[in-house]
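Architecture at a glance
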Amino acid sequence: MKKLLSIATSLILPAFVAGGLYFQSSGVQTEPMNDAPPAMMPVTAIRATPQSVTLSHTVIGITQPRWKTALIAQVEGDVAEYDARIQPGTLVKAGQVLLQLETVHLEAELAQIKGEVATAKLNLERERHEQTVAQTMLKGKSASQYARRIPQVETAKAELAAARQRFESAKARLADATIVAPFDAVVLENSVSPGEYVQSGNVLFELAASEFMDVMVPLSAQTWRRLGQGVPQQQLNVEDRLGRRWPASVRYLSPKFDPQTRQRQLVLTVASPFEGQKRLLADQQVSVTVTLPAQEDVVSLPVSALTEDGYVWTIGEGDTLSRQAVEVLQESRKQVWVRFEEDAALARDVVEFPLNSMLIGQKVRVQLEEAQHERQLADSRDANVKGEQG
């Protein structure tokens, strides 16, 4: 075997050497490999044309009852009449009797004071009669005021006036035993039980006006700028979490800033919030949609075009990338409305799906989405687009 391997090696090695010399002598040369040009990144772009758009802005408010009032017992006594139908949520009219207390003791007090008034009247008449007699007897004579019974008559007049005031006070206390609604209201809380002995100072009912509901809307500096530094005059809409809507109007704008948040308070009012099956309840969070003044040079883009840090990538000359700063005016789930901070009136090709790996000045291969552009123009023409909170 060793002899066979030695013979094979001596035959094959010269054959390979001879073949290499043949190819070298025949002039066959291998071509050097050149590096291929890098492939350009493909991007999808849309044509963004600025235009005048009327947008809306949605802010968050808190409903607050107006004229929230606690009815407190002014007198004490047993509950004589009680309407069990008056429970929290019940609507009551102004002057409607809510509760009647026992009035026996108050009526007795009133009758006693009425007798005191009659006695004071009789005493005044007697003093006046005695004064007339005294002045007749002392006619032409020098006498003191006491002899002429002047202070006695004045004292009788004062006692009668005091008795009449006590009578009016007792009559008012008797009226206080009947608890009535001071205005059209909704019952927020009922703290009375049938047959209960009510002490003076006990809270009986808690009411709020049923004709109106206020909505407290804090305005940040950004929202204040969007509103044009003025109170919106147009009709507003209030919407709760269930999607139910009520028309609202501006009641007033607070003349001062909140010392903690440095925000101004816009107070809206909703008329008849408790009528019908849908009721706008107090102390709940609602969204308020405000139609903004017309905005110029606004561009409608898909939400995907806006980067996480709030920039937009555009296609410049030679299909190179450029990063542009924008002001976000409004945003929904699918669309965002922006204004470019530089050359806002110029139309641009905007990258629809920007990547974190993009570089300024990078050359790309652009594919323009015309259909998407048409859809954006249609969305931008909507004059009452609902926005998210700014």
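Here the structure is a predicted model, which is why all the values come from computation and not from measurement.

Moving on, we get to helix α3 (residues 150-176). Residues lying three or four places apart along an α-helix face the same way, a consequence of the helix completing one turn every 3.6 residues. The terminal C-alpha atoms of α3 lie 39 Å apart, and with 27 residues this matches the ideal 39 Å at 1.5 Å per residue to within 8%. Those residues of α3 that sit buried are Gln152, Val153, Ala156, Leu160, Ala163, Phe167 and Ala170. Against the buried residues of α3 lie α2 (104-137).

This paragraph deals with the pattern of salt bridges. In a structure, side chains of opposite charge can pair up when their charged atoms sit close to one another. One pass over the full model with this rule turns up 15 salt bridges. The shortest N-O distance in the salt bridge between Arg85 and Asp83 comes to 3.1 Å. Residue Arg85 is classed as exposed on the basis of its relative accessible area, which comes to 69%. Since its relative accessible area comes to 23%, Asp83 is described here as partly exposed. Where Arg245 meets Glu239, a salt bridge forms, and the shortest distance between an N and an O atom there is 3.8 Å. Look at Arg245 and you get partly exposed, because its relative accessible area is 42%. A relative accessible area of 16% places Glu239 in the buried class.

Our next topic: the sheet that holds strand β7 (residues 97-101). One open sheet holds the 4 strands; their spatial order is β8-β7-β5-β10, and the pairing between them is antiparallel. Taken across any chain shown, the strands that pair with only one partner, and hence form the sheet edges, are β8 (178-180) and β10 (197-198). Direction of pairing for strand β5 (residues 77-82) relative to β7: antiparallel, over a ladder of 3 bridges. In the strand pairing of β7, Val79 is matched with Leu101.

On to the environment of Glu327, then. Relative to the helices and strands, Glu327 is located in strand β19 (residues 321-331). Judged by its relative accessible area of 39%, Glu327 falls in the partly exposed class. Note: C-alpha distance between Glu327 and Val298 (29 residues apart in sequence) is 9.6 Å. Apart from residues no more than four positions distant in its own chain, Glu327 is found in contact with Trp337, Val338, Arg339 and Glu341.

Conventions we followed
- Residues numbered from 1 in each chain as written.
- Predicted model: local features only at pLDDT ≥ 70, side-chain atom pairs only at ≥ 80, totals over all residues.
- Heavy atoms only, no water.
- Helix = DSSP H or I, 4+ residues; strand = E, 2+ residues; numbered from the N terminus.
- Expected span 1.5 Å × (residues − 1).
- Buried < 20%, exposed > 50% of the residue type's maximum accessible area, 1.4 Å probe, protein only.
- Contact = heavy atoms within 4.5 Å.
- Salt bridge = Lys/Arg side-chain N within 4 Å of Asp/Glu carboxyl O.
- Pairing = 2+ DSSP bridges.

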